[in-house]
Amino acid sequence: MTTPDIIIAIDGCSSTGKSSFAKILAKELGFLYLDSGALYRGVTLFAQENGLISKDNVVSADLEQALGRLELSFGADNRTFAGDRCIEKEIRAMGVSSQVSPIAAVPFVRRWVDERLHALAAGGRVIMDGRDIGTTVFPDAQVKIFMTARDDVRAQRRYDELVMKGENPVYEEVVENLRQRDYIDSHRETSPLSRAADAFILDNSDMTISEEVAWVKGLIKGKFALYDD
Ligand code: DC
């Protein structure tokens, strides 16, 4: 028998490979995958396009009311939509990455995103990745994983990802962006990035995704009857 409403929370720093891992795991276990970072990125793009964040990262108080007009959702292949417009490419570009952390530090933005995450996850079996899923969004999640990897490994992954997407990144800028995001994400007042006391640590610096999946399957084996082997 399987327990309904299962949440697997995966948190960790930027570019630790959370989303690739979470997507594959969700497919293997037949869970819904929800990328909480995509919602913060979607809000950032919205703020930029509506002139609600300045170049030096000052977020306008008007964003709170304006969020009433924003409808973010996920379509096929986990692509992110604002209304019926696919914004997947825009939200992964450096323009959004460079302003998402200040946006994610704003308490009313966090409340807005948390409400959507709860609505999207309602009643389902979900794997959700982010920074505060196991600590704040779903503190009662049945399985919590905190992912880490060495800084050089993370920077190279992010750089490769941007190149694959057709961008022309400068390695030093990628390193600097990661460093700044780590700092802001773990030092903000509201729900900073931190490991839940009951989260298992997964350092994947020298692991393949298959090894990671095998690791987590070992972890949850016996906890839920989710797969046969
Ligand atoms: O996972 P990501 O890099 O796409 O996340 C983008 C930003 O959103 C990241 O810099 C921190 C923020 N974030 C957050 O504060 N809380 C979450 N649960 C997920 C992301």
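An account of the accompanying structure is given in this report. Owing to the predicted nature of the structure, the values given are computational and were not obtained by experimental measurement.

### Concerning the overall build of the protein
- When helices and strands are counted, the protein shows 10 helices and eight strands.
- For 229 residues, the compact-globule formula gives about 17 Å, and the C-alpha radius of gyration of the protein, at 17 Å, lands near that figure.
- Summed over all atoms, the accessible surface of the protein reaches about 11200 Å², with 51% contributed by carbon and sulfur.
- Charged side chains of the protein number 28 positive and 36 negative; the gap between the two group centres comes to 1 Å.

### Concerning the site of the ligand
- In the vicinity of the ligand, 15 residues are found, and the nearest of them are R41, R110, R131, D132 and R188.
- R188 is positioned with one of its side-chain polar atoms (N or O) 2.7 Å from an oxygen atom of the ligand.
- Contact with the protein chains covers 95% of the free accessible surface of the ligand, which is 450 Å².
- Of all elements in the fold, only α2 (36–49), α5 (94–104) and α9 (171–187) reach the threshold of two or more residues within the shell around the ligand.
- Looking at the shell around the ligand, its residues break down into four nonpolar, four polar and seven charged.

### Brief notes about the sheet that holds strand β2 (residues 32–35)
- Pairing in this open sheet of five strands is parallel, and the strands run β2-β6-β1-β7-β8 from one edge to the other. Both edges of this open sheet fall to β2 and β8 (200–203), since each of them pairs with a single strand only. Direction aside, the axes of adjacent strands within the sheet are offset by 20 degrees on average.
- Sheet analysis places strand β1 (residues 7–12) next to strand β6 (residues 126–130), joined by five bridges and oriented parallel. Along β6, the bridge assignment pairs I7 with V126.
- Contacts from helix α6 (residues 107–121) reach β1, β2 and β6, with the element oriented near 175 degrees to β2.

### Some remarks on the packing of helix α8 (residues 151–164) against α9
- For the pair α8 and α9, the least separation of the axes is 9 Å and the interaxial angle reads 120 degrees. Classed by the angle they form, the pair α8 and α9 counts as oblique. Of the two possible hands of crossing, α8 and α9 adopt the one that is right-handed. Between α8 and α9, the residues in contact are D152, R154, A155, Q156, R158, Y159 and L162 and Y171, V174, V175, L178, R181 and D182, respectively.

### Comments concerning the nonpolar core
- By size, the foremost hydrophobic cluster in this structure holds 36 residues, and its most contacted members are V43, L63, L67, V109, V113, M128 and F138.
- Listing elements by their share of this core, those giving two or more residues are β1, α2, α3 (62–66), α5, α6, β6 and α7 (133–137).
- No other element matches the seven residues that α2 contributes to this core.
- Aside from chain neighbours lying at most four places away, what touches V109 is Y40, V43, L63, L67 and I103.
- Ranked by size, the runner-up nonpolar core spans 19 residues in total, among them I10, M147, L202 and F224.

### What about the packing of α5 against α9?
- Remark: α5 packs on α9, axes separated minimally by 8 Å, with the N-to-C direction vectors making an angle of 20 degrees. Our classification of the angle between α5 and α9 gives roughly parallel. Viewed along their axes, α5 and α9 form a crossing whose handedness is left-handed. In this structure, α5 uses M94, S97, S98, V100, S101 and P102 to contact α9, whose residues at the interface are E173, N177, R181, I184 and D185.

Conventions and cut-offs
Residues numbered from 1 in each chain as written. Predicted model: local features only at pLDDT ≥ 70, side-chain atom pairs only at ≥ 80, totals over all residues. Heavy atoms only, no water. Helix = DSSP H or I, 4+ residues; strand = E, 2+ residues; numbered from the N terminus. Rg over C-alpha atoms; globule rule 2.2 N^0.38 Å. Areas by Shrake-Rupley, 256 points an atom, 1.4 Å probe, with all protein chains shown as cover. Lys, Arg positive; Asp, Glu negative; His and termini not counted. Charge placed at Lys NZ, Arg CZ, Asp CG, Glu CD. Near = heavy atom within 4 Å. Polar contact = N/O pair within 3.5 Å; in protein donor to acceptor, adjacent residues only side chain to side chain. Nonpolar A, V, L, I, M, F, W, Y, C, P; charged D, E, K, R; others polar. Pairing = 2+ DSSP bridges. Axes fitted to C-alpha atoms, helices over the stretch in contact; angles between N-to-C directions. Contact = heavy atoms within 4.5 Å. Parallel < 35°, antiparallel > 145°, perpendicular 65-115°, else oblique. Left-handed = near helix turned anticlockwise from the far one by under 90°. Core = buried A, V, L, I, M, F, W, Y, C linked by side-chain atoms within 4.5 Å. Buried < 20%, exposed > 50% of the residue type's maximum accessible area, 1.4 Å probe, protein only.

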